[in-house]
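Each chain is listed here by its residues.
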Amino acid sequence: MTGPIPISLHVNGERVDAHVLPRLNLADFLREHLHLTGTHVGCEHGVCGACTVRADDEIVRACLMLAVQADGMSIQTIEGLSDSGEVGDLQAAFRDRNALQCGYCTPGMLMAAQDLLRQHPEPSRERIREHLSGNYCRCTGYQAIVDAVEATALSRRGRAA
Amino acid sequence: MKVTSAKAEGLSVLDRPNSYIGRGVPRPNLDRLMQGRGLYVSDIELPRMAHVVFLRSPHAHARIVAIDASTAKRMPGVIAVVTGEELANTITPWVGVLSHLKGLKSAPQYAVAIDRACWQGEAVAAVVANSRALAEDATEIISVQYEELEAVTDMRTALDRETPVIHPQLGDNLAFERILDAGHVDEAFSGSDEVVEADFIFGRHTGVTLEPRAVVADWNPAEERLTIYQGTQAPHMVQNIAALHLGLSESQVRVVCKDVGGSFGIKVHIYADEMATYALSKLLRRPIKFVADRVESFNTDIHARDHRCRGRIGVKRDGTITVFEIDDLTGIGPYSMYPRTSAIEANQVVNLVGGPYLAKNYRARARVVFQNKNVMCQYRAVGHPIACSVTEGLVDLAAMRIGMDPVEIRRRNLISDDAYPCASASGLKFEKLSHHASLDKLLDMMNYEGLRAEQVELRKRNIHRGIGFASFIEVTNPSAAFYGVGGAKISSQDGVAVRLDAQGAVICQTSITEQGQGSEALTAQIVASVLGVSMERVRVILGDTDNTPYGGGTWASRGAGIGGEAALQATKVLRRNILEIAAAILQSMPDELDIIGNTVVNVGDGVQRIELKELARIVYFRPDTLPPGIQPELMATRHYVPREYPFAFTNGVQASWLEVDTETGFVRLLRHWVVEDCGTIINPQLVDEQIRGGVVQGLGAALFEKCIYDERGQLTNANMADYLVPMSGEMPDIDVGHVVSPTLESELGAKGAGEAGTAGAAAAVANAVNDALRPFGTIITEIPLTPQVILAALGRI
């Protein structure tokens, strides 16, 4: 087996230097090495979306990316997005609408929803449903999540106007 | 806070001023989950913790001839490789039977298989290492010599003479059989104008909790205590079972349940690999962590449904349903699950078929057979989707045969709303249901006439839309009749302790558990309302056998109805105690005082007399100033269990509006409606979201979800890419309405709502598909309704 490889990256704005095995995926690196346990692991093969994080400007499945591939990148996890306040309004909408039950999908869902709202500030319900189709939720049946994202889009538009 | 009225007389404890009951207040503590600061079992790390990975049988049925782990044991980071035989010295096997399910039999099951593996995925060895990755590496170089045995896979032939018997000591592959014969079935059939018969087929599916099953077991040899961190729905049940099979007393086992990433009944059972993890911790004297990967989840989380049910219905030309008859067959894997058994679902099917209707003639046979597939057991809405799909499918077929509208036949046969209390043909006792009011409300919500007109118009353009209905009954608030009477140490009662702390805040410990339903919220709502404090002042503690009263937990839609009533009763006692002390301090009488807005006030004029914070200060720090003879008790505990009715039945009705593409076989769900009656609604938002989530799990079963086994017992789609679950893009908006018939057995009046959505969704969809396909003269009675099934029915493939 190949030995550890040095990587240097930013995670939630903090510089991180580490030695990691080439086979270590980004989700396990975040969870086990940095103890950022808000990034969840659901399927380990890129289907369920629970491990969604932002790498530079794109959302990615942290279980499908190797930690070594994140070398030099800037990673944002749900802990970072929460502390910076970037998704505070979205989280408030989720709370008011009860858009989460067990909460396991929620960090990934918030990541994906914020990604949509950054690209398309005025999404239709169909667009929201489509964009979130890579994030599985087994509890809510999705409607409350769609409502919360729609409400956030509306209030952001109101603030921008 | 404004005191709106100080007049408490005449109001129940639930509609006091500023009551939270009936309000859609947000759940406390959601920020923790939304910020990634929850604590799921998969997040837990302890000092000296090691990881276990199980080597699992690739064969559905095989003799284990030899296991050579010598190379694996020498790998760096590997702590131990343990076989079933070695582990059996630490933990004893179990047999999943209950005495009230007469004749139910099963064979001893071991934490890790000894000599023989009975399904693809059964653990044959445990590898413990410093990391999960190292343990996985080691499993790959363990050499197991198997002698493959013939696998029993098809439930239809499991009882044939030529089929091998999986557990020879049991004599045959029949785990359980129940026969019921009520009324005069043969006469009813011969007196019917029409008799319709159909075979209903239900795919095997599973819960797919987004967080896989996970456990951290921590045996501390110095304390001689085992702490189990597990995402279980029933902590005290786990405590009992772990202690029993490890040779410990229950006081030596603590079960802690933090955040749980989905449960739905999957996490209410005792699994072999979890038992092995407890035992490994004891054997190796250190914390051991097990987290299933997704392939393991599909191969070992309980599966559900997988029924083939022949149904018959008799009907008169005026629409009167005269009789139901079913013959149900289900395959449960090689063992009956422990401790709830795998016979409950079939038993429920027998109980529930025909349940909403007046017909008193009913015959049923249910057979439960062993097979070499993964174990099957209770998953959300146990038995309900089968019973509802069969019943509602037959009702629609009968209506079609006599040319009656599906709504009209239901109106003529649903038990009348003023007929209660009454009993079903199978003997279920109904306190108060509201089938007709629910149906009326549903028709209003969906604009039934408008949809029928639209359907006719669209048919002219070769667009095939359908409307399907499903009335249902739902088992909630189970008493000891469910498990306790059969000898299982699964508590049907719950306890709540509530206390006023030294700053006037309230701490509430409850034995129900939280997996996202809102147990914490509804408990806080009840406590705050009954006591007269704001919800922010109430902190709820749950999921810890050391720190909560003894109780059942959260399953079978029991948390609100049973745990909620215990919270209400405990808080009433605390309130009375507080008012007695306040009266002593204020030289008043308890009856002249009330608590509103965190403050003791006069009943008469609403004047604020003493804040709870000040009262607590006096009680805890200046008891010397209280009159002699007064011993304040600012903590109260109460327990509750329903005794009058074995179950608090609820009812409801669902409707589906969908479009079938007759070229591709795809079904597009356009809208879904539910009206249900769960009695007192504590938090309408939480109830509605339980319904919606339940509906979508039912829609998954209706259209997508199926564990596909080949004839050798190999699960061929054990991953999330090939096993399809509903995604947001294909789910409809779901409208939810309510009729409210509180149970009079409790003061709270709440029944459960967790199964309702799942109970009727698939039946409504299947009826809607058949309604859409009516011009093609085809009837489908199989789910999931995949494009393949639909195109085959249309003769297109």
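Definitions and limits used
- Residues numbered from 1 in each chain as written.
- Chains lettered and ligands numbered in written order.
- Predicted model: local features only at pLDDT ≥ 70, side-chain atom pairs only at ≥ 80, totals over all residues.
- Helix = DSSP H or I, 4+ residues; strand = E, 2+ residues; numbered from the N terminus.
- Rg over C-alpha atoms; globule rule 2.2 N^0.38 Å.
- Buried ≥ 20, exposed ≤ 12 C-beta atoms within 10 Å, placed from the backbone.
- Contact = placed C-beta atoms within 7 Å.
- Pairing = 2+ DSSP bridges.
- Axes fitted to C-alpha atoms, helices over the stretch in contact; angles between N-to-C directions.
- Domains from an automatic or database assignment.
- Nonpolar A, V, L, I, M, F, W, Y, C, P; charged D, E, K, R; others polar.
- Core = buried A, V, L, I, M, F, W, Y, C linked by C-beta atoms within 7 Å.
- Parallel < 35°, antiparallel > 145°, perpendicular 65-115°, else oblique.
- Left-handed = near helix turned anticlockwise from the far one by under 90°.

**Re the overall build of chain B**
- A tally of regular secondary structure across chain B gives 19 helices and 31 strands.
- Computed over its C-alpha atoms, the radius of gyration of chain B comes to 28 Å, within 12% of the 28 Å expected for a compact globule of 797 residues.
- Overall, chain B is about 85 × 75 × 45 Å in size when its C-alpha atoms are taken along their principal axes.
- In chain B, buried positions account for 60% of the 797 residues.
- In chain B, the share of contacts with a sequence separation of at least 24, taken over all contacts with a separation of at least 6, comes to 80%.

**Notes on the sheet that holds strand β22 (residues 506–510) of chain B**
Residue and element names in this part refer to chain B.
- One open sheet holds the four strands; their spatial order is β23-β22-β21-β27, and the pairing between them is mixed. Edge positions in the open sheet fall to β23 (538–541) and β27 (635–640), since each of these has one partner strand only. Strand-to-strand twist in this sheet, taken as the mean axis angle between neighbours without regard to direction, amounts to 15 degrees.
- Pairing analysis gives five bridges linking strand β21 (residues 494–500) to β22, with the strands arranged antiparallel.

**A word on the domain arrangement of chain A**
Residues and elements named next belong to chain A.
- Taken as a whole, chain A is organised into domain 1 (5–81) and domain 2 (87–160).
- The interface is formed by 14 residues belonging to domain 1 together with 13 residues belonging to domain 2.
- Contributions of two or more residues to the side of domain 1 that touches domain 2 are made by β3 (52–55) and α2 (78–84).
- With three residues, the top contributor of residues to the side of domain 1 that touches domain 2 is β3.
- Across the side of domain 1 that touches domain 2, the residue classes tally to seven nonpolar, six polar and one charged.

**Some words on the environment of lysine 572 of chain B**
All names here are of chain B.
- Among the secondary structure elements, lysine 572 is positioned in helix α15 (residues 559–586).
- What makes lysine 572 partly exposed here is the crowd of 17 C-beta atoms within 10 Å.
- On a C-alpha basis, the gap between lysine 572 and valine 530 in space is 6.5 Å, while along the polypeptide they are 42 residues apart.
- The contact partners of lysine 572, leaving out residues within four places of it in the chain, are Val13 and Val530.

**Quick look at the nonpolar core**
All names here are of chain B.
- Judged by nonpolar contacts, the single largest core of 314 residues is most densely connected at Ala126, Val127, Val527 and Val765.
- For this core, the leading source of residues is α15, giving 12 residues.
- Leave out the neighbours within four places in its chain, and valine 765 touches Gly468, Ser656, Leu658, Leu699, Ala702, Leu703 and Leu785.

**Some thoughts on the interface of chain A and chain B**
- Contacts between chain A and chain B engage 42 residues on the former and 42 residues on the latter.
- At the level of elements, α2, α3 (88–97), α4 (106–119), α5 (125–131) and α6 (143–160) of chain A are the ones that each hand at least two residues to the side of chain A that touches chain B.
- A breakdown of the residues in the side of chain A that touches chain B according to their chemical character gives 19 nonpolar, 16 polar and seven charged.

**What about the environment of alanine 67 of chain A?**
Residue and element names in this part refer to chain A.
- Relative to the helices and strands, alanine 67 is located in the loop between β4 (58–61) and β5 (74–76).
- Judged by C-beta crowding, with 24 C-beta atoms within 10 Å, alanine 67 ranks as buried.
- Residues alanine 67 and alanine 18, spaced 49 residues apart in sequence, show a C-alpha to C-alpha distance of 9.8 Å.
- When sequence neighbours within four positions are dropped, the list of residues in contact with alanine 67 reads Ile7, Val20, Leu24, Asn25, Leu26 and Phe29.

**Regarding the packing of helix α6 (residues 235–246) of chain B against helix α7 (residues 272–284) of chain B**
Residue and element names in this part refer to chain B.
- The geometry of α6 relative to α7 is characterised by a closest axis approach of 11 Å and an angle of 55 degrees between their N-to-C directions. Relative to α7, α6 is oriented oblique. Note on packing geometry: the crossing formed by α6 with α7 is right-handed. Contact with α6, carried on its side by Ala242, His245 and Leu246, involves Met275, Tyr278, Ala279 and Lys282 of α7 and no other residues of that element.

**Concerning the packing of helix α14 (residues 519–531) of chain B against α15 of chain B**
Residue and element names in this part refer to chain B.
- At a minimum axis distance of 9 Å, the contact between α14 and α15 shows a crossing angle of 30 degrees. By the angle between their axes, α14 is roughly parallel relative to α15. Here the hand of the crossing between α14 and α15 comes out right-handed. Taken together, the residues of α15 that come into contact with α14 (itself represented by Ser519, Leu522, Thr523, Ile526, Val527, Val530 and Leu531) are Gly559, Ala560, Gly563, Gly564, Ala567, Leu568, Thr571, Lys572, Leu574 and Arg575.
- Its residues assigned to classes, the contact of α14 with α15 shows nine nonpolar, six polar and two charged.

**Structural notes on the domain arrangement of chain B**
All names here are of chain B.
- According to the domain assignment, chain B consists of domain 1 (30–38 + 493–640), domain 2 (41–149 + 212–260 + 266–300) and domain 3 (303–480 + 644–793).
- Taking only C-alpha atoms into account, the centre of domain 1 sits 40 Å from that of domain 3.
- Residue assignment for the side of domain 1 that touches domain 3 shows that the elements contributing at least two residues are α14 and α15.
- At six residues, the largest contribution of residues to the side of domain 1 that touches domain 3 is made by α15.
- Partitioning the side of domain 1 that touches domain 3 into residue classes produces seven nonpolar, six polar and two charged.

**A closer look at the sheet that holds strand β1 (residues 50–56) of chain B**
All names here are of chain B.
- Spatially, seven strands are ordered β3-β5-β1-β13-β10-β11-β12 in an open sheet, and the strand pairing comes out mixed. In this open sheet, the two edge strands, each paired with only one partner strand, are β3 (78–83) and β12 (253–256). Neighbouring strand axes in the sheet, compared pairwise and without regard to direction, differ in orientation by 20 degrees on average.
- Two strands pair when backbone bridges link them, and β3 and strand β5 (residues 123–129) are joined in this way by five bridges, in the antiparallel orientation. Counterpart to alanine 80 in the pairing with β5 is valine 128.
- Together, β1, β3 and β5 form the strand contacts of helix α4 (residues 132–140), whose direction differs from that of β1 by roughly 30 degrees.
- Its contacts with the sheet place α7 against β1, β3, β5, β10 (214–220), β11 (225–230) and β13 (288–291), and it is angled at close to 25 degrees to β10.

**Topic: unusual backbone geometry**
- The omega torsion across tyrosine 338 of chain B and proline 339 of chain B is -10 degrees, close enough to zero to call that bond cis.
- If you trace the backbone, proline 339 of chain B turns up in the loop between β16 (321–331) and α9 (344–352).
- Geometrically, the link from isoleucine 783 of chain B to proline 784 of chain B is a cis peptide bond, its omega value of 0 degrees lying close to zero.
- Note on placement: proline 784 of chain B falls in the loop between β31 (782–783) and α19 (787–793).
- The backbone of asparagine 12 of chain A sits at a positive phi, close to 50 degrees, despite the residue not being glycine.
- Turning to its location among the elements, asparagine 12 of chain A is positioned in the loop between β1 (5–11) and β2 (14–20).
- A residue is classified by how many C-beta atoms lie within 10 Å of it, and asparagine 12 of chain A, with 21 of them, is buried.
- The phi dihedral of phenylalanine 264 of chain B falls on the positive side, at around 60 degrees, and the residue is not glycine.
- Relative to the helices and strands, phenylalanine 264 of chain B is located in the loop between β12 and α7.

**Comments concerning the environment of proline 235 of chain B**
All names here are of chain B.
- Checked against the element boundaries, proline 235 lands in helix α6.
- A residue is classified by how many C-beta atoms lie within 10 Å of it, and proline 235, with 27 of them, is buried.
- Sequence-wise, proline 235 and aspartate 544 are 309 residues apart; in three dimensions their C-alpha atoms are separated by 7.0 Å.
- Once residues lying within four places of it in the same chain are set aside, the contact partners of proline 235 are Val255, Cys257, Thr513, Gly543, Thr545 and Gly553.

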